[in-house]
Each structure stands twice: as structure tokens, then as C-alpha cells.
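# Topology and contacts: notes
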Amino acid sequence: MFENESGMPRSKAERTRALIRDTAVSSFRERGFDDTTVRLIAQEAGVSLGNAYYYFPTKNHLVQELYVDVQREHRAAAEPLLADSDDLIDRLGVVYRTGLATLEPFHRFAPGFLSAAVSPKSPINPLAADSAEARELAVGLFDEAVAGARHSLPDDLARSLPEVFWLGYLLLALFWVYDSSPGQERTLRLLDRGLKLLALVLPLVKLPLLRKPLRELVELIGEVRA
């Protein structure tokens with residue numbers, strides 16, 4: 001609490017920033033996006049509104065802190081399970097399922113976050129420049145899943161796939177937002193079917209006739225972030 005990441009004692013400014021950040025993350029978890037305001041965060045943190053805005057100019061900056069927090073939880077949940085298998089499909093299943101499990105506490109608040117993030121111009125859109133830290137944590141986890149797997153994928157394709165799998169995760173999460181089935185069972189069934197289909201398709205990349213069009217498809221999907 002009172003030390004920074006390098007282990008040195010935190011300054012008063014660092015402690016204040018961390019207090020505001022932690023208060024905001026807790027509020028987003030308890031109230032969601034719509035009912036969390038910077039004024040409320042300042043009150044609960046015991047700091048002035050001006051001080052809160054000094055460290056975080058908008059509520060969106062605090063949402064980015066939540067994004068990073070959630071992605072770190074996702075990694076902490078996934079990594080021990082990744083150690084249990086070197087099968088690519090199994091490892092991808094771990095990342096997808098632990099990701100959904102990490103999101104589960106937010107399901108009742110998900111529409112509010114989605115409404116705020118859906119605009120291409122929104123700074124909390126997962127594809128926005130402001131979301132880079134959380135996005136790279138997520139893509140990095142898919143990269144770890146691929147890199148640690150036993151597979152015979154061409155090197156260039158293996159390097160490109162983590163970002164494709166992450167974009168697939170975004171689409172799955174979007175379906176999850178609208179999924180009102182108990183425990184979001186429909187989303188889990190969709191994931192299981194998708195993984196089975198992927199297990200059938202991936203071996204085809206070894207066929208010379210299909211390698212080029214599949215590589216071009218991956219590059220096309222990668223253009224989403226361009």
C-alpha cells in the first residue's frame with residue numbers, strides 16, 4: 001500500500017493517486033459505470049473534487065484503471081491452468097473461459113460499460129489508443145497460450161494469431177453482454193462449439209494450397225486494429 005512498484009516508499013502524491021484509483025475501481029465493481037461519478041469517488045476517497053480531477057481528468061481515465069485491473073486478474077487466473085496443458089485448443093479454452101469468469105461479476109453492469117465504449121470515438125473503446133495497456137495485457141495472454149502450445153503452425157501465422165484470438169474474445173464478450181441465460185450458458189456453449197471448429201480448421205494451415213488464403217484472412221482480420 002505504501003510502496004511503489006520498485007519497492008520504494010510512496011510519496012504523498014503517489015498515495016493519493018492510488019487511493020483515488022482503488023476507490024474508483026471498487027465503485028465500478030459495486031455500482032457499475034453509470035452510477036459511478038468522479039464526485040462520488042472523491043467523496044469516498046476523502047479528497048477534493050479538484051484533486052481527483054488533477055490525477056484523473058475524466059471518469060474514462062479511471063475506467064482504464066479498471067480495464068488493467070481486470071486483465072491482471074485474468075492473467076492471474078489463467079496462468080496456473082495454462083501450465084497443465086500444451087494442447088493449443090485446451091490452452092485457448094483456458095484463456096477464454098477464465099476471461100469470461102473474470103468478467104462475470106460485471107454482467108449486471110455490462111450494458112452501461114458497453115454503451116459508453118461502443119462508439120469508435122470513445123476513449124474506453126477496447127480498440128482505442130487509451131486502452132493500449134489493457135489490450136496488450138490481453139493479447140499477451142493469448143500470445144502466451146500460443147507460444148507455450150505444441151503445434152505445427154507456420155511461424156508467421158503463429159505470431160499473428162494471438163491478436164486474432166483476442167478479437168474473437170471481444171466478439172464473445174459482446175455476445176456475453178446480451179446473454180440472459182442462467183450463468184450465461186449460451187455463451188459457454190458458443191465457445192465450446194467455436195473451439196471444436198477451430199480444432200478442425202487449424203490443421204488445414206499445413207496444406208500449401210490453403211496456407212496463403214488463410215494467412216491473408218488473418219492479415220485482413222488484423223486490419224481491424226489498423
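Relevant structure appears above.
Predicted, not measured: the structure shown is a model, and the values here were computed from it. (Residues numbered from 1 in each chain as written. Predicted model: local features only at pLDDT ≥ 70, side-chain atom pairs only at ≥ 80, totals over all residues. Heavy atoms only, no water.)

### Focus: the environment of Leu202
Test applied: Runs of H or I in DSSP of at least four residues are treated as helices and runs of E of at least two as strands, each being numbered from the N terminus. Classification of residues uses two cut-offs on accessible area relative to the type maximum, computed with a 1.4 Å probe and protein chains only: under 20% is buried, over 50% is exposed, and between them is partly exposed. Whether two residues are in contact is decided by their heavy atoms, any of which lying within 4.5 Å being enough.
Tracing the chain through its elements places Leu202 in the loop between α9 (185-201) and α10 (208-222). Under the relative-accessibility criterion, Leu202 is labelled buried at 11%. A C-alpha to C-alpha distance of 9.6 Å links Leu202 and Ile89, two positions 113 residues apart in sequence. Setting aside its immediate chain neighbours within four residues, Leu202 contacts Leu88, Ile89, Leu153 and Leu161.

### Brief notes about the nonpolar core
For the record, the criterion: Nonpolar cores were defined as sets of buried Ala, Val, Leu, Ile, Met, Phe, Trp, Tyr and Cys residues, with membership established by side-chain atoms within 4.5 Å.
Core analysis: the largest hydrophobic core is formed by 59 residues, its most contacted members being Phe28, Leu62, Leu92, Tyr96, Phe142 and Phe165. Mapped onto this core, the elements with two or more residues apiece are α1 (12-31), α2 (38-45), α4 (59-82), α5 (88-103), α6 (110-117), α7 (132-147), α8 (155-178) and α9. Among the elements that take part in this core, α8 stands out by supplying eleven residues, more than any other. If near-sequence neighbours (up to four positions away) are discounted, Leu62 is found in contact with Ile20, Arg21, Ala24, Phe28, Val38, Ile41 and Phe56.

### Looking at the environment of Ala134
Among the structural elements, Ala134 can be located in helix α7. What makes Ala134 buried here is its relative accessible area of 7%. Those residues in contact with Ala134 that lie beyond four places of it in its chain are Tyr67, Val68 and Gln71.

Functional significance is not addressed by these values, which are geometric in nature.
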